[in-house]
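Descriptive structure summary
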Protein chains: 2
Amino acid sequence: MTNTAVTQLLKTLDAESVVTDARAMAPYLTEQRGRFGGHPVAAVIRPDTPEAVARAVTACHGAGLAVIPQGGNTGLCGGAAARPDEQAIILSLERLDRIRSVDAEDFSLVAEAGCRLSAVQAAAAAVDRLFPLSYAAEADCQIGGNLATNAGGMNVLRYGNARDLTLGVEVVLADGRIWHGLKRLRKDNSGFDLKDLFIGAEGSLGIITAASLKLFPAIRQRATAIVGLDSVERAIALFSQLRQASGDALSSCELMGRRPLEYALAHDAHCVDPLPAPHAWYLLVEASSSAEDVDLAGRLEQAMAAAAVGDYRIAGDAPTAAAFWRLRNTIPAAQKVAGASIKNDISVPISGMGEFIQRAGEAVIAACPGTRICAFGHLGDGNIHFNLTRPEASDDDEFLARWADLTAVVHDEAVRLGGSFAAEHGIGQLKPAEVQRLKDPVELALMRNLKAALDPADTLNPGKVVPLRDQSA
Amino acid sequence: MTNTAVTQLLKTLDAESVVTDARAMAPYLTEQRGRFGGHPVAAVIRPDTPEAVARAVTACHGAGLAVIPQGGNTGLCGGAAARPDEQAIILSLERLDRIRSVDAEDFSLVAEAGCRLSAVQAAAAAVDRLFPLSYAAEADCQIGGNLATNAGGMNVLRYGNARDLTLGVEVVLADGRIWHGLKRLRKDNSGFDLKDLFIGAEGSLGIITAASLKLFPAIRQRATAIVGLDSVERAIALFSQLRQASGDALSSCELMGRRPLEYALAHDAHCVDPLPAPHAWYLLVEASSSAEDVDLAGRLEQAMAAAAVGDYRIAGDAPTAAAFWRLRNTIPAAQKVAGASIKNDISVPISGMGEFIQRAGEAVIAACPGTRICAFGHLGDGNIHFNLTRPEASDDDEFLARWADLTAVVHDEAVRLGGSFAAEHGIGQLKPAEVQRLKDPVELALMRNLKAALDPADTLNPGKVVPLRDQSA
């Protein structure tokens, strides 16, 4: 990249859209966990209209300059960070932050990419509707990033991933053209499905600048329960029974092993062991309804009785429900205290979860004796965060040096069971090598074909997801 | 196409897979409504494994012979029929008719493309699960065709289109490679979303040979109601209220004008006017639940009272509910008796349905005075079958000669309101010209780009959806 190219690019933008001061650029360069990023870029730009994004991308495309789109910078895989020695600009969508329209009767709204997820939720709530996407980073992450990574979270069981919540997208293509695909239709078979190509592609096929999103009736009541179980198989069977008996009203079905629960209890004095005796596994379930008058707690109670569950508690009030959720939500922070962790974001068919946990656990222990398995996640989605905490006797750096080989052990077991090594967190810079190693060659060829067709000059987030060119340089 | 090429192709298949006798080929050549097809093809082939499909496609690809995939041949747009003067073979998937696996605890099954939709429903029911895709042709249509056309139907409001019900697909690509994409995962962000490219592409990007499909808890009870209303706006408001009050348990929300209702009453002596006085519009709603004990009818009753609806009936038993549905289901046959119809398969944002019906109706009457608007459809999906019955004074042929200009009038109004001219029936041979005329040029270019990337030799269903080459020859 030449200075001339950057100068040309920056000329397409107003002063407020350009950040070149090193200190001001710093927050855009560093990923929150510090695992990726910190590498310099030519500039950070913050255009505030799709047209300005398009002008900037056109200039970068012409100059052979890479564009790294960035939302709230909360991703866990380095998808929004520069790679070492990369000639790139970071394109922050943060100033594209308008809710363009809200239509309660259509159960939809249109939001620009830079809207924080919590702002989208609030815009829906203001018209007595629900936008169900929800997860820990919701106050910081942006809807554009949610779509680019096809975010999952706590309500996927009932409402699906970000992809399932999207009716249309506006996208700046690699050559700077804008695709105005913001339809708000539940049915449209007038051509190929283009929007889903851009959703989940981490900005490598196009830059999402706005989206039309599905809304749902507002939730009027919830019922929450926690159950102790002696096996994952029993948890899977109970999930089926509760799903049926609740009238398919389960919005969350979270599985936690005893170890992560103990980490939470040790870490946070407000966390209380929820049941009289310890159990190998816990299921945290929540049912919810937009109806005022349905007795959800009673229905869960009945279902537990019918399923002959031994040890469970139904939250009789909101604080008790919050206490159950606190256990689940404390785990990510609590496991840090126990020592370094190697994270695995795995999905398998729901019915295969027990076998996966068993086999992957054995394989990890064989490869690294003493590793403490810290498994928790979204059983209803077949998604488990199969995290590995270092052996007590080991130290953090020694254990983290084994990231590649221990994740490979876990990924191999997942793939063997028809699962995925990247369930909800994506690929970014963390897993392109695993994409190369584990994907069906035909699928990999299709992905490269699409990247080459939509971004032949490799302008958009090069090296992420599926590198078009050899990135070893 | 040379005889040699066909001979080579047929050599790849066993005798049972090849149909070349003219009489035996006939049923594969003619579309059910007789609007498309009847044109000769070199052969009909019926391979019974994905590998045999792949060998045949490889041979056709090598010989420059077009492949027209065909499911149950129930489509309404000629997508599975040959075009005039086309050098092609028809590839029927009917012998790929195995349910490969059913997994109740995973809420999924894997079916080959040639399984009839009713067989997929039955396989789910056998393990106390629901496969919710449902529409009139379900005993004849095949799941591969359902996916290729992204079929909609009666339960889209609650469960989505065919696309939303699909976890993975197995696809034979244009060059004969097989993509084994039959994952059964609720979350998989390990690469680009490939499956949705093939779903809804009408076999023009790849041939779906099997699919893994989502199942849901079996339905234990339903409640059905019919409501008379004086405006579409009132129907839209009521839809919101019922959706909220039912706990989002509505599975159908069908709108019917008085005219199509009267056609049904005139045509079928078992159809009974459902309410004491006539109304301009009727809403047929059904709520359903997998729970045994919830009082759905009572909840609908309460919601109607709260919404201050004047004239409605809740079905107190299954025969009454069936009588309500009979009205809706009789309309397509009944309108034929009133004279020839020009069919429009329109979607708009739900909130825009009243404006669409008003404006499109006025525009049609202005263009062809006396045309009888026969509007009915899936209000909850924003999908209306805005059919035009010929003026009483006109004759069928004279009216049908105006197909192109009157559909254009309707399509223009739909597109003006952010709608679609092909909501659930697809493009096929019926609407490629409208695709060219009405699509955003950037979207059209993207579609051509994808077709060229995935099927550069134009082997797969050429001339359908988005013609890669000039088809005027």
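From a predicted model like this one, the values you see are computed outputs, not experimental measurements.

**Regarding the overall build of chain A**
Scanning chain A from terminus to terminus reveals 16 helices and 19 strands. Taken over the C-alpha trace, chain A has a radius of gyration of 23 Å; the compact-globule value for 473 residues is 23 Å, and the two agree within 12%. Looking at the 473 residues of chain A, the share that counts as buried comes to 64%. Within chain A, counting contacts between residues at least 6 apart in sequence, those at least 24 apart form 72% of the total. Of the roughly 16,100 Å² that chain A leaves accessible, carbon and sulfur atoms contribute 52%.

**Concerning the domain arrangement of chain A**
It is common to report an interface's size as the accessible area lost on association of the parts. Residue and element names in this part refer to chain A. Assigned domains within chain A: domain 1 (3-95), domain 2 (99-217), domain 3 (221-333) and domain 4 (341-433). Domain 2 puts five residues into the contact, and the matching count from domain 3 is 13 residues. For domain 2, the biggest contributors to the area lost against domain 3 are Met-154, Leu-157 and Arg-158; these three give 81% of the whole. Here domain 2 and domain 3 share zero salt bridges between them. In this structure, the connection of domain 2 to domain 3 is made through three residue pairs in polar contact (both at pLDDT 80 or more). Residue classes in the side of domain 2 that touches domain 3 are distributed as three nonpolar, one polar and one charged.

**Quick notes on the pattern of salt bridges**
Applying the stated criterion across every chain, the model contains 74 salt bridges over all chains. Salt-bridge contacts for B:Glu413 lead to B:Arg416; the nearest nitrogen and oxygen are separated by 3.1 Å. Of this pair, B:Glu413 and B:Arg416 both sit in helix H14 (residues 403-416), separated by three residues, roughly a single helical turn. You can call B:Arg416 exposed: its relative accessible area is 54%. Overlapping salt bridges, with partners in common, bring together A:Arg163, A:Asp193, A:Lys195, A:Asp196, B:Arg163, B:Asp193, B:Lys195 and B:Asp196 in one network.

**Concerning the sheet that holds strand E2 (residues 43-45) of chain A**
Overall, mixed pairing links the four strands, which are arranged E1-E2-E4-E3 (chain A) in an open sheet. Of all the strands in the sheet, the pair left with one neighbour each is strand E1 (18-19) and strand E3 (66-70) of chain A.

**Observations regarding helix H16 (residues 441-454) of chain B**
Taking 1.5 Å as the rise per residue, H16(B) with 14 residues should run 20 Å; its terminal C-alpha atoms sit 20 Å apart, in good agreement. Where H16(B) begins, the side chain of B:Asp440 points an oxygen toward the backbone nitrogen of B:Val442, at a separation of 2.6 Å.

**With respect to the interface of chain A and chain B**
In this complex, chain A contributes 93 residues to the contact, which on the side of chain B involves 92 residues. For the pair chain A and chain B, the summed buried surface comes to about 7,300 Å²; carbon and sulfur atoms form 53% of the total. The three residues of chain A that bury the most area against chain B are A:Lys187, A:Asn189 and A:Phe192, which together make up 14% of that side's buried surface. In this structure, the connection of chain A to chain B is made through eight salt bridges. Between B:Lys187 and A:Glu424 there is a salt bridge, and its shortest N-O distance comes to 2.9 Å.

**Focus: the pairing of strand E14 (residues 281-289) of chain B**
Residue and element names in this part refer to chain B. Burial runs high along E14: nine of the nine residues are buried. Neither face of E14 is left uncovered, since the one carrying Trp-281, Leu-283, Val-285, Ala-287 and Ser-289 and the one carrying Tyr-282, Leu-284, Glu-286 and Ser-288 both have all their residues buried. As defined by bridge partners, strand E12 (residues 221-229) adjoins E14 across nine bridges and the pair is classed as antiparallel. Bridged to Thr-224 within E14 is Glu-286.

**Here we look at helix H12 (residues 353-367) of chain B**
Residue and element names in this part refer to chain B. Given a rise of 1.5 Å per residue, 15 residues ought to cover 21 Å, and the 21 Å separating the end C-alpha atoms of H12 matches this to within 8%. When H12 is considered as a whole, its buried residues turn out to be Met-353, Gly-354, Phe-356, Ile-357, Ala-360, Gly-361 and Val-364. Taken around the axis of H12, the buried residues stretch over an arc of 160°, which confines them to a single face.

**A few points about the relation of the copies chain A and chain B**
Laying chain A over chain B is done by rotating through 180° and shifting 0.0 Å along the axis; what remains is an RMSD of 0.0 Å. Seen this way, the second copy is the image of the first under a two-fold rotation axis. Taken together, the interface assignments show that 99% of the residues at the interface of chain A recur at the interface of chain B, consistent with an identical surface on both copies.

**Focus: the pairing of strand E8 (residues 166-172) of chain A**
Residues and elements named next belong to chain A. The buried fraction of E8 amounts to seven of the seven residues, a majority that puts the element mostly inside the structure. As defined by bridge partners, E8 adjoins strand E10 (residues 207-214) across six bridges and the pair is classed as antiparallel. In the strand pairing of E10, Glu-170 is matched with Ala-210. As defined by bridge partners, E8 adjoins strand E9 (residues 178-181) across four bridges and the pair is classed as antiparallel. Bridge pairing in E9 places Val-171 opposite Trp-179. In this structure, the hairpin formed by E8 and E9 is closed by a connection of five residues, where Gly-176 is found at a positive phi of approximately 95°.

**Remarks on the UniProt feature "domain: FAD-binding PCMH-type" (unreviewed entry) in chain A**
The sites that UniProt annotates as "domain: FAD-binding PCMH-type" (unreviewed entry) are residues 36-218 of chain A. For the annotated span residues 36-218 of chain A, helix accounts for 20% and strand for 25% of the residues, and the straight-line distance between the end C-alpha atoms is 38 Å.

**Concerning the packing of helix H8 (residues 232-245) of chain A against helix H12 (residues 353-367) of chain A**
Residues and elements named next belong to chain A. For the pair H8 and H12, the least separation of the axes is 8 Å and the interaxial angle reads 160°. The orientation of H8 relative to H12 falls into the category roughly antiparallel. Between H8 and H12 the crossing geometry is right-handed. Across from Val-232, Glu-233 and Ile-236 in H8, the residues of H12 making contact are Met-353, Gly-354, Glu-355 and Ile-357. Residues of the contact of H8 with H12, tallied by class, amount to four nonpolar, one polar and two charged.

**Topic: the side chain of A:Arg163**
Tracing the backbone shows A:Arg163 in the loop between helix H6 (156-159) and E8. In terms of polar contacts, A:Arg163 uses its side chain to reach the backbone carbonyl oxygen of A:Ile199, at 3.4 Å. Residues contacting A:Arg163, with those up to four places away along its chain left out, are A:Asn150, A:Asp196, A:Ile199, A:Gly200, B:Asp193 and B:Asp196.

**Quick notes on the sheet that holds E8(A)**
Residues and elements named next belong to chain A. Strand order in the open sheet made by the five strands is E5-E6-E10-E8-E9, with antiparallel pairing throughout. Only two strands of the sheet have a single partner each, and these edge strands are strand E5 (99-103) and E9. Ignoring strand direction, the axes of neighbouring strands in this sheet form an average angle of 15°. Examined bridge by bridge, E5 and strand E6 (residues 108-112) share four bridges and lie antiparallel to one another. Directly across from Asp-103, in E6, lies its bridge partner Ser-108. Contacts between helix H3 (residues 50-63) and the sheet are confined to E5, E8, E9 and E10, with E8 contributing the most and set at about 45° to the helix.

**With respect to the packing of aromatic side chains**
Given two aromatic rings, one states the distance between the centres and the angle between the planes to describe the pair. Applying the stated criterion to the full structure yields eight aromatic pairs over all chains. Residues A:Phe356 and A:Phe386 carry aromatic rings whose centres are separated by 5.2 Å and whose planes lie at 65° to one another, so their mutual orientation is edge-to-face. Residue A:Phe356 is found in helix H12, and its partner A:Phe386 is found in strand E19 (residues 383-389); the two are separated by 30 residues along the sequence. Their ring planes at 40° and their centres at 6.0 Å tell us that B:Trp179 and B:Phe198 sit as a pair that is tilted. Here the residue B:Trp179 occupies a position in strand E9 (residues 178-181), and B:Phe198 occupies one in helix H7 (residues 195-198), the gap between them amounting to 19 residues.

**Regarding unusual backbone geometry**
Despite not being glycine, A:Asp248 has its phi angle at roughly 55°, a positive value. Here A:Asp248 is to be found in the loop between H8 and strand E13 (250-257). In this structure, B:Val465 is a non-glycine residue whose phi angle is positive, near 60°. Of note, B:Val465 is situated in the segment after H16. The exposure class assigned to B:Val465 is buried, which follows from its relative accessible area of 1%.

Thresholds applied
Residues numbered from 1 in each chain as written. Chains lettered and ligands numbered in written order. Predicted model: local features only at pLDDT ≥ 70, side-chain atom pairs only at ≥ 80, totals over all residues. Heavy atoms only, no water. Helix = DSSP H or I, 4+ residues; strand = E, 2+ residues; numbered from the N terminus. Rg over C-alpha atoms; globule rule 2.2 N^0.38 Å. Buried < 20%, exposed > 50% of the residue type's maximum accessible area, 1.4 Å probe, protein only. Contact = heavy atoms within 4.5 Å. Areas by Shrake-Rupley, 256 points an atom, 1.4 Å probe, with all protein chains shown as cover. Domains from an automatic or database assignment. Buried area = accessible area lost by both parts, 1.4 Å probe. Salt bridge = Lys/Arg side-chain N within 4 Å of Asp/Glu carboxyl O. Polar contact = N/O pair within 3.5 Å; in protein donor to acceptor, adjacent residues only side chain to side chain. Nonpolar A, V, L, I, M, F, W, Y, C, P; charged D, E, K, R; others polar. Pairing = 2+ DSSP bridges. Expected span 1.5 Å × (residues − 1). Arc of directions from axis to C-beta. Least-squares fit on C-alpha atoms with pLDDT ≥ 70 in both. UniProt positions renumbered as here; feature names shortened; annotations may be inferred. Axes fitted to C-alpha atoms, helices over the stretch in contact; angles between N-to-C directions. Parallel < 35°, antiparallel > 145°, perpendicular 65-115°, else oblique. Left-handed = near helix turned anticlockwise from the far one by under 90°. Phe/Tyr/Trp six-rings, centres within 6.5 Å; stacked < 30°, edge-to-face > 60°.

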